Amino acid sequence: MSKRTKRIKKVKTARGGNIEYLDEVGEDQYGTYQRALLSMTRGGKGKPYNVYMEPSPHLVLDTSPSPRGWYKGKNESDRVRPRPCYTEALLTTPYGGFCPLNCAHCYVNGGTRGYRATGLPAAHVVYPDKLRAQIAKINVSGAGYITSFSEPFHQLEPKYHVTRRLAQVFIDEGLPIFYLSRSIPPDWAIDTLQENAYSYMQWSINTGNPDHYRKMSPGSYDLDDVYERIQDFSEQGIFVSIQVNPIVAGITKLADIMLLLDNLKQAGAHHCIFKFVEQVANNRKSLMARMGKRGLPDVDKFDKVFSQVIGGVYTVAQDVRVEWLKAILEHTRKLGLTMSTCYEYYNDGHAGSNLAPWFTTSDQCHGRGVPVYYRPSPGAPFQPVPGCYRKGCLYCSDYGTRACGNDKLLHADAMEYKDLRETVIREVDDELWAHVDSCLMPEDAKQSTRNIIFYSNPKMLTDAEMWGWGEVDEIC
Ligand code: SF4
């Protein structure tokens with residue numbers, strides 16, 4: 001910082017960070033900026049950055065995380081929570097830093113390090129171009145997940161179009177996508193989802209109580225508005241999946257979840273995925289404090305049931321989770337909605353085991369069966385693996401089609417960029433599309449969403465029922 005540069009203004013950000021603006025302004029291809037001192041640890045010493053002012057203060061970053069799948073594999077040591085998710089996905093991060101939706105329960109904003117600590121959102125502007133070059137080098141892929149980290153239809157999207165450009169990268173490669181949002185998507189999102197028969201929309205809604213929802217997620221939609229948008233997407237033939245996540249039991253009642261399910265069914269949603277709130281021990285107290293500050297009732301009841309530690313992580317007591325999930329299973333069956341769980345573990349005396357098979361009636365956790373994609377020859381466009389197990393890699397070696405014949409995929413390892421480049425499938429068998437447990441072939445996947453739900457599991461059995469695993473009470 002030059003000696004003549006003065007600190008002119010200190011601004012408090014939404015999550016208690018400080019921005020110290022300096023009297024240096026400038027302009028570049030992203031617009032007018034003001035220099036400011038920002039720290040990557042909350043309350044830490046600041047370094048100068050450009051803060052762009054339009055449409056609201058934000059950062060522009062040229063960082064670009066490499067493409068990758070889930071962070072953990074199926075077969076981890078006893079001390080590490082194993083991957084419980086059935087859905088293969090390529091994780092993406094169009095926007096970073098502080099998420100302006102400002103949800104009270106957010107795991108991203110709840111962290112204290114990195115760009116989120118500045119209290120400012122950030123656009124990864126060069127990310128789609130870099131990802132395009134990186135995807136060209138990989139040989140296998142799940143659907144592009146836009147995004148597991150932040151809001152894809154972000155307030156910065158109309159300026160930078162990172163999500164739209166990212167979606168186009170996947171479309172150009174012939175890959176399916178799914179968005180996960182707490183916003184009302186623009187119409188172009190429908191067009192991008194209609195490009196691939198397996199693509200789908202996912203929204204996150206964690207309670208059917210409109211007042212609680214507003215307090216927990218002040219930057220998100222009104223529930224009535226999202227129900228309307230679900231109807232739009234559904235009527236245009238798009239599969240709609242809902243993350244009921246995180247369920248803050250105690251504040252949220254089981255009746256709120258049942259009401260939500262009734263409304264979702266009426267709006268035309270197809271699938272719901274359930275996840276109870278969790279938090280590492282260090283952040284438990286601040287999570288409680290945030291819920292209280294938002295004016296939410298029954299924080300003491302939440303405090304009481306948020307009592308179980310599995311694998312070093314606080315979660316809602318197992319008996320409460322199982323009791324609610326049993327009731328939800330019965331209700332979703334009655335409504336004709338498929339269900340699954342998201343990172344729900346039972347206590348196995350170690351880091352936790354996957355609870356999902358007792359409560360999954362869908363093909364994959366995120367909803368529909370989406371095959372893994374491969375390049376038939378180096379540089380060729382991606383194609384779906386014929387006969388790929390409708391439930392994904394996690395249980396394919398035990399119960400699936402094993403259609404890819406690839407040991408790494410059959411082992412359901414955590415796939416980093418290097419693994420995605422080195423894993424090669426060349427030999428496939430088109431006849432395997434006819435396998436009873438195959439994902440739908442692309443032509444059939446375009447058919448009605450009702451057919452997608454019920455083609456393989458008309459009685460809506462759970463996996464534990466199909467695989468003869470016994471009652472959940474035997475393990476919980
Ligand atoms: S055949 Fe099975 S292991 Fe292979 S990619 Fe498909 S789901 Fe994964």
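As shown above, the structure is provided for reference.
Residues numbered from 1 in each chain as written. Predicted model: local features only at pLDDT ≥ 70, side-chain atom pairs only at ≥ 80, totals over all residues.

Trainee: Can you break down the overall build of the protein chain residue by residue, with the values?
Mentor: For the protein chain, the helix and strand inventory stands at 16 helices and 22 strands. The C-alpha atoms of the protein chain give 22 Å as radius of gyration, which agrees with the globular expectation for 476 residues (23 Å, within 12%). For the protein chain, the spread of C-alpha atoms along the three principal axes comes to 75 × 55 × 45 Å. Counting only residues that meet the buried cut, the protein chain has 46% of its 476 residues in that class. For the protein chain, the share of sequence-separated contacts (at least 6 apart) that also reach a separation of at least 24 residues comes to 68%. (Helix = DSSP H or I, 4+ residues; strand = E, 2+ residues; numbered from the N terminus. Rg over C-alpha atoms; globule rule 2.2 N^0.38 Å. Buried ≥ 20, exposed ≤ 12 C-beta atoms within 10 Å, placed from the backbone. Contact = placed C-beta atoms within 7 Å.)

Trainee: Give me the lowdown on the sheet that holds strand β14 (residues 271–276), citing residues and values where you can.
Mentor: Across the sheet, seven strands lie side by side as β6-β10-β11-β12-β13-β14-β18; this open sheet has parallel pairing. Strand pairing shows two members of the sheet lacking a second neighbour, β6 (89–91) and β18 (338–341), which therefore form its edges. Sheet twist, expressed as the mean angle between neighbouring strand axes with direction ignored, is 25°. By the bridge criterion, four bridges tie strand β11 (residues 177–181) to strand β12 (residues 200–204) in an arrangement that is parallel. Note on β12: the bridge partner recorded for Tyr 179 is Met 201. Packed on one face of the sheet, helix α10 (residues 318–335) meets β14 and β18 and runs near 160° to β18. (Pairing = 2+ DSSP bridges. Axes fitted to C-alpha atoms, helices over the stretch in contact; angles between N-to-C directions.)

Trainee: Would you mind going over the packing of helix α6 (residues 223–235) against helix α7 (residues 254–267) in detail, with residue names and values included?
Mentor: Packing of α6 against α7 brings their axes to within 8 Å, and their N-to-C directions diverge by 35°. Seen from α6, the contacting residues are Tyr 227, Ile 230 and Gln 231; seen from α7, they are Asn 263, Leu 264 and Ala 267. For the contact of α6 with α7, the class distribution of residues is four nonpolar, two polar and no charged. (Nonpolar A, V, L, I, M, F, W, Y, C, P; charged D, E, K, R; others polar.)

Trainee: Help me get a handle on α6, residues and values and all.
Mentor: Look at α6: 18 Å from first C-alpha to last across 13 residues, which is about the 18 Å you get at 1.5 Å a residue. Regarding α6, the residues found buried are Leu 223, Val 226, Arg 229, Ile 230 and Phe 233. For α6, the angular spread of the buried residues around the axis is 120°, confining them to a single face. In α6, the exposed residues that point more than 90 degrees away from the buried face are Asp 224, Asp 225 and Glu 235. Looking at the packing, one finds that the buried side of α6 touches α4 (187–193), β12, α5 (210–216), β13 (239–247) and α7. At the exit of α6 stands Gly 237, carrying a positive phi of roughly 80°. (Expected span 1.5 Å × (residues − 1). Arc of directions from axis to C-beta.)

Trainee: Describe the sheet that holds strand β22 (residues 383–384), with residues and values.
Mentor: Sheet architecture is open: three strands sit in the order β9-β21-β22, paired in antiparallel fashion. In the strand order of this sheet, the two ends are held by β9 (140–141) and β22, each with one partner. When β9 meets strand β21 (residues 373–374), the two strands line up antiparallel, connected through two bridges. Bridge pairing in β21 places Ser 141 opposite Tyr 373.

Trainee: Which residues make up the environment of Pro 158, and what are the values?
Mentor: Checked against the element boundaries, Pro 158 lands in helix α2 (residues 157–160). Considered as a pair, Pro 158 and Pro 186 are 28 residues apart in the sequence and their alpha carbons are 9.9 Å apart.

Trainee: Talk me through the nonpolar core; I want residue IDs and the actual numbers.
Mentor: Ranked by size, the top nonpolar core spans 120 residues in total, and within it Val 244, Leu 264 and Cys 272 carry the most contacts. If sequence neighbours within four positions are ignored, Leu 264 has contacts with Ile 230, Ile 242, Ala 269, Cys 272 and Leu 337. (Core = buried A, V, L, I, M, F, W, Y, C linked by C-beta atoms within 7 Å.)

Trainee: Could you give an account of the pairing of strand β8 (residues 121–124), naming the residues involved and the relevant values?
Mentor: Alternating positions in β8 separate into two faces, Pro 121 and Ala 123 on one and Ala 122 and His 124 on the other, with burial throughout. Pairing of strand β5 (residues 59–61) with β8, which is carried by three bridges, proceeds in the parallel orientation. By the bridge assignment for β8, Leu 61 is matched with His 124. Bridge count between strand β7 (residues 95–97) and β8: three bridges; the pairing is antiparallel. Within β8, the position partnered with Gly 97 by the bridge is Pro 121.

Trainee: Would you mind going over the pairing of β14 in detail, with residue names and values included?
Mentor: Across the six residues of β14, six count as buried, placing the element largely inside the fold. Where burial is concerned, the two faces of β14 agree: the one with His 271, Ile 273 and Lys 275 and the one with Cys 272, Phe 274 and Phe 276 are both buried. In the sheet, β13 pairs with β14 via five bridges, with the strands oriented parallel. Bridge assignment links Ser 241 to a residue of β14, and that residue is His 271. By the bridge criterion, four bridges tie β14 to β18 in an arrangement that is parallel. Considered in β18, the bridge of Ile 273 is made with Ser 340.

Trainee: Kindly report on the packing of helix α1 (residues 127–135) against helix α3 (residues 162–172), identifying the contributing residues and their values.
Mentor: For the pair α1 and α3, interaxial distance at closest approach is 9 Å and the crossing angle is 15°. In this view, α1 runs roughly parallel relative to α3, as classed from their interaxial angle. The handedness of the crossing between α1 and α3 comes out as right-handed. In contact with Tyr 127, Pro 128, Leu 131, Arg 132 and Ile 135 of α1, α3 contributes Val 162, Arg 165, Leu 166 and Val 169. Per-class residue counts for the contact of α1 with α3 are seven nonpolar, no polar and two charged. (Parallel < 35°, antiparallel > 145°, perpendicular 65-115°, else oblique. Left-handed = near helix turned anticlockwise from the far one by under 90°.)

Trainee: Go over unusual backbone geometry, please, and point to the residues and values.
Mentor: Note the cis peptide between Glu 54 and Pro 55, where omega equals 0°. Counting through the fold element by element, Pro 55 comes out in the loop between β4 (47–52) and β5. In this model, Asn 245 is joined to Pro 246 through a cis peptide bond whose omega is -5°. Tracing the backbone shows Pro 246 in strand β13.

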